[in-house]
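Commentary on secondary and tertiary structure
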Amino acid sequence: MKVLVAVKRVVDYNVKVRAKGDGTDVDLNNVKMAINPFCEIAVEEAVRLKEAGVATEVIAVSVGAKPCQEQIRTALALGADRGIHVEAEGRLEPLVIAKLLKGVVDKEEPQLVILGKQSIDGDNNQTGQMLGALANMPQGTFASEIKVEGDKLNVIREVDGGLQTLSLSLPAIVTTDLRLNEPRYASLPNIMKAKKKQLDVYTPEDLGVSVTSHVSQLKVEPPAERKAGIKVEDVAQLVDKLKNEAKVIS
Amino acid sequence: MAAISPDILSALQACVGTERVFTDAVSFEHYGRDWTRVHTPAPLAVVLPGSAGEVQALVRLALAHKLALVPSGGRTGLSAGAVAHNGEVVVALDRLDDITDFNPVDRTVRCGAGVITAQLQAFAADQGFFYPVDFASSGSSQIGGNISTNAGGIKVIRHGMTRDWVAGLKIVTGSGELLDLNRGLVKNNAGYDLRQLVIGAEGTLGIVVEATMRLDRPPKDLAVLVLGTPDMKAVMQVLETYQGAMDLQAFEFFSELALQKVVVHQGLQRPFATPAEFYALLEFEQHSDADMEQAMALFEHCVEQGWVVDGVVSQSVAQAQSLWRLREDISETISRWTPYKNDISTTIARVPEFLAEVEAVVSASYPEFEIVWFGHIGDGNVHLNVLKPDTLPMAEFQQRCGEVSRWVFEIVQRYEGSISAEHGVGLLKKDYLHYSRSELEIQMMRQIKKVFDPQGIMNPGKIFDL
């Protein structure tokens, strides 16, 4: 079974994100970038399927500018067999990414596509679902456990207040939730091996997709700063302030 | 425990305010001891002064009433330096917590003694700077305590100890005078540098009330490697290989048993499945891709030489933090076995031989005890922890460890090492001070103490007896 796994290059989630001075965008200058945490979980799951003898080949794909090849190399170091980079510049919307991934799906014909449920920068939670629609494949989103049984894929989903188990016919799409697995560290020997693995580069034209933008970003601003608190002298003053200033009690 | 006389109580209250003097058991337990659990805290009172002037007033009062004073910071010490077990007045500096006079040109900032290390680190980061002294207890430890113990920690190999970051300090001596030492100067060869005597004096010369701390530029894009090695000798060869080619920020090691304990008790992931006897954790800056390429090339070399069996590298800040936890969580993890801790050092090159000798003595003496090794090693400092078996009573455990300590310290002496690399001497190590210091040195220390503290009221009984 061939597995395609999508990885996105995002700002490292431990980095404090700052807006640019002119408010046009997030400041990405000299900021540490990393693989999107949900995509990392997707890679780990694909590699585990390979280690379990279920997957025969794991292909990591990323859409974006040239530097996202670093994240493809990370996926290769974690155990993916080869990489595909769809080179595209600018702010790419989920629909465009889904169309480009659909182009890769048509070329590679994987039995399973695993994506992160959302990226921590855009927070859109759209790409996997859009790809499902475009590729006409069943989808199991927010997966906390997956298991291939014959020509079916059982997906346990985290839904409000419980778990839901679905059975999907293959080929299918899965988007990962946090509890699906704990990704491994990239071992140094595997990082070195990853440098020699195949990485193909496509343009959107190669996949027959035109990159158009439907949304423009008007402004990016940091959250309002929290006002400093005050110390009250006694309970009476606290009650007074709650009543007359905060007006939360009467 | 003698109850406090009404005269002294009201005199203390007059110094710092009625609500800043505590004489209850809970406060004694809280303020009267550090992380050691050997002595029972039994102070006369706990006071929380709010200014250098109030500290001076307390010292004058102590002189008049022949009271001993014990300074108290974050109370995370490991040598019972901040333990009050003998009717002393505990002077807790928590309220001196102002961070002021940030100076980006001098790269300095003024801190009250009670500023918590993590607060200074966060302040520095907000200004685009970096305070590099860091250790597992930085969320509780205070600058005054760091200075008094010359705290080291995990970045010593690159940034040195607290001593290297103190540009100036103010201390209230045992005579109640306020000394303003060095005042932030970089160059100051006008006579003796008394500041350096105060750093690491464990409060025996006076109470540090304020310090001007230096800041550094922030490190750039840190990467963490964890490498598995077959033996201790290989750890040192890895250190030599990497240090010869790169500026390391940290070089730590820990044993397989330490890793097992941390993985089980903290729920962390092993770095890799390949078994190894010891692990080295390296941290370095990535100014460009060349740094990681260099690290990879060195890794290949170490594997070819048989010094390294496997290794991982952090791919994100989160992974770097998780890998650091494998080392930083050891102390907390093993604390449930109330370990007998030794914090010993020698010159870096002699560490493997030194360690082998200590290991031989320790495993022959405690065949049934679990020994956990970890440490900074890039600076010659190793932590030897003997875990108490659950069935053994504490007193018997302490006694048996105390016996073997002497043998360990004889080895330390032969290697011209230190019986306390970074934890200080306090009460716990003072009987062993002579293994690291000559009689003449200790005699001169006593004379220096007399100059600062003629009546002997400042943290008496710590480091040495008068």
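The name given to chain A in an unreviewed UniProt entry is Electron transfer flavoprotein subunit beta, with Kineobactrum sediminis as the source organism. For the record of chain A, the UniProt heading Function (unreviewed entry) holds the text "The electron transfer flavoprotein serves as a specific electron acceptor for other dehydrogenases. It transfers the electrons to the main respiratory chain via ETF-ubiquinone oxidoreductase (ETF dehydrogenase)."

Things to note about the overall build of chain A
In terms of regular secondary structure, chain A is built from six helices and 12 strands. Here the C-alpha coordinates of chain A stretch approximately 70 × 45 × 40 Å along the principal axes. Here chain A holds 250 residues, and 44% of them are scored as buried. A separation threshold of at least 6 residues defines the contact pool for chain A, and within that pool the share at least 24 residues apart is 70%.

What to know about the interface of chain A and chain B
Accessible area lost when the parts come together is the quantity often used to give the size of an interface. Tallying the contact residues gives 19 residues for chain A and 23 residues for chain B. When the two sides are added together, the surface that chain A and chain B hide from each other amounts to roughly 1900 Å², 58% of it contributed by carbon and sulfur. For chain A, the biggest contributors to the area lost against chain B are A:Lys32, A:Tyr185 and A:Leu188; these three give 41% of the whole. Taken together, the connections running from chain A to chain B amount to one salt bridge. Linking B:Asp221 and A:Lys32 is a salt bridge whose minimum nitrogen-to-oxygen distance equals 3.0 Å. In this structure, the connection of chain A to chain B is made through 10 residue pairs in polar contact (both at pLDDT 80 or more). Elements with a contribution of two residues or more to the side of chain A that touches chain B: strand E11 (186–187) and helix H5 (188–194) of chain A. For the side of chain A that touches chain B, the leading source of residues is H5(A), giving four residues. Residues of the side of chain A that touches chain B, tallied by class, amount to nine nonpolar, four polar and six charged. Relative to strand E13 (residues 310–313) of chain B, E11(A) runs antiparallel, the two sharing two bridges. If you follow A:Ser187 over to E13(B), its bridge partner there is B:Val312.

Quick word on the domain arrangement of chain B
What the domain assignment lists for chain B is domain 1 (6–94), domain 2 (99–214), domain 3 (222–331) and domain 4 (338–420). Its C-alpha centre places domain 1 of chain B at a distance of 33 Å from the equivalent point of domain 4 of chain B.

A few points about the confidence of the model for chain A
For chain A, the mean per-residue pLDDT works out to 94, and 100% of the residues sit at or above 70. Ranking the elements of chain A by mean pLDDT puts helix H6 (residues 235–244) of chain A last, at 92, and strand E4 (residues 57–64) of chain A first, at 98.

Some points on the pairing of strand E14 (residues 340–345) of chain B
Residue and element names in this part refer to chain B. Among the six residues that make up E14, five are buried, leaving the element largely enclosed by the rest of the structure. As judged from the six bridges shared by E14 and strand E16 (residues 381–387), these two strands associate in the antiparallel manner. Its bridge partner being in E16, Ile 344 is matched across the sheet by Val 382.

Let's talk about the sheet that holds E14(B)
Read across the open sheet, the eight strands follow the order E11(A)-E13(B)-E10(B)-E12(B)-E11(B)-E15(B)-E16(B)-E14(B); overall the sheet is antiparallel. What marks the edges here is a single partner per strand, and that holds for E11 of chain A together with E14 of chain B. On top of the sheet, helix H8 (residues 232–245) of chain B reaches strand E10 (222–229), strand E11 (248–255) and strand E12 (278–285) of chain B; it is set at about 170 degrees to E11(B), its chief contact.

A word on helix H13 (residues 351–365) of chain B
All names here are of chain B. The end-to-end C-alpha distance of H13 is 21 Å, a good match for the 21 Å that 15 residues give at a rise of 1.5 Å each. Residues of H13 that are buried include every one of Val 351, Pro 352, Phe 354, Leu 355, Val 358, Val 362 and Ser 365, and no others. Seen end-on, H13 carries its buried residues on one side only, within an arc spanning 160 degrees. If you follow the buried residues of H13, they end up packed against H8, E14, strand E15 (370–375), E16 and helix H14 (394–414).

A word on the environment of B:Ala320
All names here are of chain B. Its place among the elements puts Ala 320 in helix H11 (residues 317–328). For the pair Ala 320 and Leu 197, spaced 123 residues apart in sequence, the C-alpha to C-alpha distance is 37 Å. Residues within four places of Ala 320 in sequence aside, it is in contact with Val 224 and Ser 314.

Conventions we followed
- Residues numbered from 1 in each chain as written.
- Chains lettered and ligands numbered in written order.
- Predicted model: local features only at pLDDT ≥ 70, side-chain atom pairs only at ≥ 80, totals over all residues.
- Heavy atoms only, no water.
- UniProt positions renumbered as here; feature names shortened; annotations may be inferred.
- Helix = DSSP H or I, 4+ residues; strand = E, 2+ residues; numbered from the N terminus.
- Buried < 20%, exposed > 50% of the residue type's maximum accessible area, 1.4 Å probe, protein only.
- Contact = heavy atoms within 4.5 Å.
- Buried area = accessible area lost by both parts, 1.4 Å probe.
- Salt bridge = Lys/Arg side-chain N within 4 Å of Asp/Glu carboxyl O.
- Polar contact = N/O pair within 3.5 Å; in protein donor to acceptor, adjacent residues only side chain to side chain.
- Nonpolar A, V, L, I, M, F, W, Y, C, P; charged D, E, K, R; others polar.
- Pairing = 2+ DSSP bridges.
- Domains from an automatic or database assignment.
- pLDDT = per-residue confidence, 0-100.
- Axes fitted to C-alpha atoms, helices over the stretch in contact; angles between N-to-C directions.
- Expected span 1.5 Å × (residues − 1).
- Arc of directions from axis to C-beta.

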